[in-house]
Amino acid sequence: MNRRTALKQFFVLAGGIWIASSCDFSAEAPSIALKQIKLTKADEELLAELLETIIPKTDSPGAKDLKLHLFVMKMVDDCESPENQEAFLKGLKAVPKPQNNPQTELMSYLEGLPKDDVFLRILKRRGIQGYKNSEYVMKNKLIYELVPARYDGALKIKA
Amino acid sequence: MANLNIDTRDNRTYDAIVIGSGISGGWTAKELCEKGLKTLVLERGRDVKHVKDYPTTNLYPWEFEHRNELPYAVKQENPIVNRCYAFHEDAAHFFVKDKEHPYVQEKPFDWIRGYQVGGKSLLWARQTQRWSDFDFEGPARDGFAVDWPIRYADIKPWYDHVERFAGIAGDRDGLPELPDGEFLPAYPLNIVEKYFKQQVEQKYPERKVISARCAHLSHANQIHIDQGRVKCQNRTLCQRGCPFGGYFSSNASTLPWAAKTGNMTLRPNSVVHSILYDESKGKAIGVKVIDKDSKEEIDFFAKVIFLNAAALNSNLLLLNSTSQRFPNGLGNDSGTLGKYVAFHNYSARISAEYEGYLDYKTDGRNPAGGGYIPRFRNLHKQETDYLRGYAAGFGAYRSSYSDESGLGISLKESILNPKLGNWGVGSHMMGETIPKASNYVALDGKEKDEWGMPLLRVSVDYDDNDNKMKKDYLDTMEEMFLAAGFKNIQRNDAWQAPGLDIHEMGGVRMGLDPKTSMLNKWHQLHACKNVYVTDGSSMTSTSTQNPSLTYMAFAARAVDHAVSELKKGNL
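Residues numbered from 1 in each chain as written. Chains lettered and ligands numbered in written order. Predicted model: local features only at pLDDT ≥ 70, side-chain atom pairs only at ≥ 80, totals over all residues. Heavy atoms only, no water.

## Side note on the interface of chain B and chain A
- Contacts between chain B and chain A engage 45 residues on the former and 48 residues on the latter.
- For the pair chain B and chain A, the summed buried area comes to about 4100 Å², and 63% of that belongs to carbon and sulfur atoms.
- Between chain B and chain A we count five salt bridges in total.
- Among the ionic pairs, R126(A) bridges to E69(B), the shortest N-O distance being 2.9 Å.
- Connecting chain B to chain A are 26 residue pairs in polar contact (both at pLDDT 80 or more).
- Those elements that provide at least two residues to the side of chain B that touches chain A are α2 (72-77), β14 (360-364) and α10 (409-416) of chain B.
- Counted by class, the side of chain B that touches chain A contains 21 nonpolar, 12 polar and 12 charged residues.
- Alignment of strand β1 (residues 151-156) of chain A against β14(B), held across four bridges, turns out to be antiparallel. (Contact = heavy atoms within 4.5 Å. Buried area = accessible area lost by both parts, 1.4 Å probe. Salt bridge = Lys/Arg side-chain N within 4 Å of Asp/Glu carboxyl O. Polar contact = N/O pair within 3.5 Å; in protein donor to acceptor, adjacent residues only side chain to side chain. Helix = DSSP H or I, 4+ residues; strand = E, 2+ residues; numbered from the N terminus. Nonpolar A, V, L, I, M, F, W, Y, C, P; charged D, E, K, R; others polar. Pairing = 2+ DSSP bridges.)

This is how it looks when you write it as C-alpha cells:
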C-alpha cells in the first residue's frame, strides 16, 4: 500500500467516524435536528405532554395531533434569544416527570407557576402561535384566505 | 474570413444605456425600447423574472418554516433592514442584508435597498399621489433649495401617460393640491374611515380624507391584459411579488413590455463603476461595469445614458465618475452633487379606538390600505412656525381578540371563538423635509466594497423644522380624533432614523441655474447633456406625496426629450 492509498483510506475511515458521530441514532435524540438548544427524546415527549395540556384534543385535534411540540422546538431553537433559550430549557428541566395522569399533573404544575414565568410565557406563546397558524386551524376553524378577491368595507354583521 | 472575435467594441455598443431596473429604470427601458432604440439595461443584482422568481408567492402561513418570523440570528445580523416593516420570512430574499453592502453612517440613516432586477418596485407600498404646483412652487414661495425648473403643466401629460399603463386606482376628488388622474375605480373607504371623513370635512372644511390612490388593478383594462396582468385579488401579500400582476412593478409591467420589442438587452449582475466621459467629444460615451461575480471589468458604449440607480446610488455613481474635466464627479461644476439630500418625516403615529358601528366589520382585504389626508398645512399661505406641511395616512380596522390567559379546554375554545372588539383607528405622518447643503452623501476616502467602489458616507438628519412639524401633526390629529369621538388616543412619537421612510431624495437636483443645480428641466446634466438622471436623486424638494409615480412620469418625459434630441443630432 503506497502512501496515497493509505491516506485515502484514512480519510474514508475518518469520514465514516465523523458521519457516525454526527448522526445519533440512539433513543435519546429528538426527532428534529436542533442547532442551538440541546433536547433529549424524553424532553421532547414531556414537551408534547405539556402542549397537549395547554391545547388538548377535544372534538377537534389537539397539540399532539398537530405536532405542536416540534414547532415549539424549532421556534425556540431558531427564533428565541439565547437568554430565552436558557430560561426555556431551565423551565423545562424543572417540570416534574408526570407519573400516572400526565395531563392532570402537568395542569396543576403549570397553574402553580407564577403568571410571569418566562418558560410558561414562551411555551404558551409559541404553542398558541403554532396552533393558530396550523394547517388544520387555518383550513377548518379560523379560515385563512390566500386569495380573497374582494373587499367590503361595511359588512353588516348578522344578529 | 469572418471575424470570430465577438468581443469587439461594436458588440458592446447600444443606442442607449439604462443604469438600474427599478421603478424609474423600468420605465426608461420601456419608453426607449418602444421608440426603437437598442437599449442595454444594467442591473447590479440578480435577475428576478415575473412569477417564476417569486418563490414564496403562493405559500400559506403554515408553509413558512417560522410562520413568517425571521430567525433571531438573522435579526441580530441585520439591525438596519430588520427595521423595515416588510422584512419578514416571505420577502427577506428581496432585501439587501446589512453586511452585504456596508455604508458609513455619519448620522443614523437606515438605507433600505433591493438589489435585483425590479429593485424596490417589487417591495414598494404602492401609494401613488400626484404632485401639484403647491409642491413644485414650494421652494420659490418659501425660500429654500432652488426653484424647480418645471411646473405641474409640464409633467401632467406624463402622469396621464404612466397612470394609464401602470394602473392607478383612485377617486377623482377635485383637489388642486392633489390633482386627479387617469384612474381605475378607487378602493372604498370602510365605514369608519367614511365616518371620519364626514366628521373632518364637516368640522374642518379645508381638510379632506380621501381613498388612498394606489398602483393596483381594481379593474384590468386592455392595456393591462396586454401586459399579462389581471385584476388585483386583494391578497395584500405584494412584497412577495404578485402572480396576478395585480400591482405595478418593473418585473410585471415595464420590463417584459420592453423585452417584447426585441430592443432590450438586460444584463443583471452588472455593478456600474462609473460613467465614461470623453474629454475631446465633451460628452459621456459609455459606462464601466464590474461583473458582480467574476469582478471582470467591461466597458459598454451608447449615445445616451440614463441614470436610474435609486437616489443615493445615483449620487455615488456620479461622484465616482471623475475625469480631468470633472474631478469632483460627473457634471459637478456647481459643487452641489451629493448635497441637499432630503426625505420624508415618518416619525410620528397616532392610534385610538372607536366604539361606533359595532354592528359592522370589513370583509376581504383592501390593497390601498385605507384613507389619505392630503396636506392642508401652509397650503395657500404660511400659517405655522415651521415651513411646509404633512400628508397623513388614515386607516380603520375592526379588531378582534381572544382571551389567552387560560390553559386547556377553555383556552382552546377561546382561541377558536375570537370576539369582535372596538374599531381600531390609526394614522402616520408623511412630512416634507427641507433640503439643506448640510444633509449630504459623499464618497468615503478610504474604504471600498468588493467591487472597488468607494463606500458611501451618509450624513442626513432631522432639524428643528421637522420637530415642530411632528408636534403639530400629533396635536392636530389628536384634536381631529377627539372631534370624531375616538377614545383611548395614543400619541406615538416614534422616532426613526431618516431613510426608513425609503423616500430618500436629492443630491442631483434639478434647477434653472447650472451654478446651483445639477440637472436642467429635461433631467439632463447641465454640463453633460447626454446623461439623464430621472430617479429620486433628481428631486429639488420632497413634497409630502409619495414620490414613485413622479419618478415614472419624469423618466417617460426625459426619454421623449432624449429621443427627439437624438433625432435632431443634439446629443
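## Re the domain arrangement of chain B
Residues and elements named next belong to chain B.
- We note that the domain assignment places domain 1 (9-48 + 112-170 + 213-340 + 504-571) and domain 2 (187-212 + 344-432 + 462-497) within chain B.
- Put simply, the middle of domain 1 and the middle of domain 2, counted by C-alpha atoms, are 33 Å apart.
- With 27 residues of domain 1 in contact, the opposing surface of domain 2 contributes 24 residues.
- Here domain 1 meets domain 2 over a buried area of about 2100 Å², counting both sides, of which 50% is carbon and sulfur.
- Among the residues of domain 1 in contact with domain 2, F134, R141 and T544 are the three that bury the most area, contributing 30% of the side total. (Domains from an automatic or database assignment.)

## A short note on the UniProt feature "domain: Glucose-methanol-choline oxidoreductase N-terminal" (unreviewed entry) in chain B
- Feature annotation in UniProt places "domain: Glucose-methanol-choline oxidoreductase N-terminal" (unreviewed entry) on residues 107-322 of chain B, given in this structure's numbering.
- Helix makes up 28% of residues 107-322 of chain B and strand 18%. Its end C-alpha atoms lie 26 Å apart. (UniProt positions renumbered as here; feature names shortened; annotations may be inferred.)

## With respect to unusual backbone geometry
- Phi is positive for Y340(B), which is not a glycine, with a value near 60°.
- Topologically, Y340(B) is positioned in strand β11 (residues 339-342).

## Remarks on the side chain of H523(B)
All names here are of chain B.
- Position of H523 relative to the elements: it lies in the loop between β21 (505-507) and β22 (524-525).
- Residue H523 is classed as buried on the basis of its relative accessible area of 0%.
- Leaving out residues up to four positions away in the same chain, H523 has contacts with M510, V531, Y532, V533, T534, S538, F554, R557 and A558. (Buried < 20%, exposed > 50% of the residue type's maximum accessible area, 1.4 Å probe, protein only.)

## Things to note about the packing of helix α6 (residues 191-203) of chain B against helix α11 (residues 464-483) of chain B
All names here are of chain B.
- Two elements in contact, α6 and α11, have axes whose closest approach is 9 Å; the angle formed by their N-to-C orientations is 110°. Our classification of the angle between α6 and α11 gives roughly perpendicular. Of α11, the residues touching α6 (which contributes F196, Q199, V200 and K203) are M477, M480, F481 and A483.
- Among the residues forming the contact of α6 with α11, the class breakdown is six nonpolar, one polar and one charged. (Axes fitted to C-alpha atoms, helices over the stretch in contact; angles between N-to-C directions. Parallel < 35°, antiparallel > 145°, perpendicular 65-115°, else oblique.)

## Considerations on the confidence of the model for chain B
- On average, residues of chain B score 97 in pLDDT, and 99% of them reach the 70 mark or higher.
- In the model output, the complex is listed with pTM 0.94 alongside ipTM 0.93. (pLDDT = per-residue confidence, 0-100.)

## Let's talk about the pairing of strand β23 (residues 528-533) of chain B
Residues and elements named next belong to chain B.
- For β23, the tally of buried residues reaches five of six residues, placing the bulk of the element in the interior.
- With three bridges joining them, strand β10 (residues 297-307) and β23 adopt parallel strand pairing. Bridged to L307 within β23 is V533.
- Two strands pair when backbone bridges link them, and β22 and β23 are joined in this way by two bridges, in the antiparallel orientation. Along β23, the bridge assignment pairs L525 with C528.
- Linking β22 back to β23 in an antiparallel pair, the connection comprises two residues.

## So, the environment of G118(B)
Residue and element names in this part refer to chain B.
- Mapped onto the fold, G118 is located in the loop between β3 (104-105) and α3 (133-136).
- The exposure class assigned to G118 is buried, which follows from its relative accessible area of 0%.
- Distance from G118 to T534, taken between C-alpha atoms, is 16 Å for residues 416 residues apart in sequence.

## A word on the pairing of strand β9 (residues 283-291) of chain B
Residues and elements named next belong to chain B.
- Burial runs high along β9: eight of the nine residues are buried.
- Inspection of the sheet shows strand β8 (residues 270-278) paired to β9 by eight bridges, in the antiparallel sense. Of the residues in β9, the one forming a bridge with Y277 is A284.
- Once β8 ends, the chain turns through four residues before running back antiparallel as β9, passing G282 with a positive phi of about 70°.
- Where β9 lies against β10, five bridges are found, and the strand directions are antiparallel. The residue of β10 that forms the bridge with I290 is E297.
- Counting the residues that bridge the hairpin from β9 to β10 gives five residues, and of these K295 lies at a positive phi of roughly 65°.

## Overview of the state of the cysteines
- Evaluated as defined, the whole model comprises zero disulfides over all chains.
- C79(A) takes part in no disulfide bond, and the closest cysteine sulfur to it belongs to C84(B), at a distance of 18 Å.
- You can see C242(B) has no disulfide; the closest cysteine sulfur is in C232(B), sitting 6.6 Å from it.
- Assessed through its relative accessible area of 11%, C242(B) is described here as buried. (Disulfide = S-S within 2.5 Å.)

## A few points about the packing of helix α4 (residues 82-93) of chain A against helix α6 (residues 118-132) of chain A
All names here are of chain A.
- Between α4 and α6, the shortest axis-to-axis distance is 8 Å and the interhelical angle comes to 100°. In terms of axis orientation, α4 runs roughly perpendicular to α6. Here α4 contributes N84, A87, F88, G91 and L92 to the contact with α6, which in turn contributes V118, F119, R121, I122 and L123.
- Of the residues in the contact of α4 with α6, the class split is seven nonpolar, two polar and one charged.

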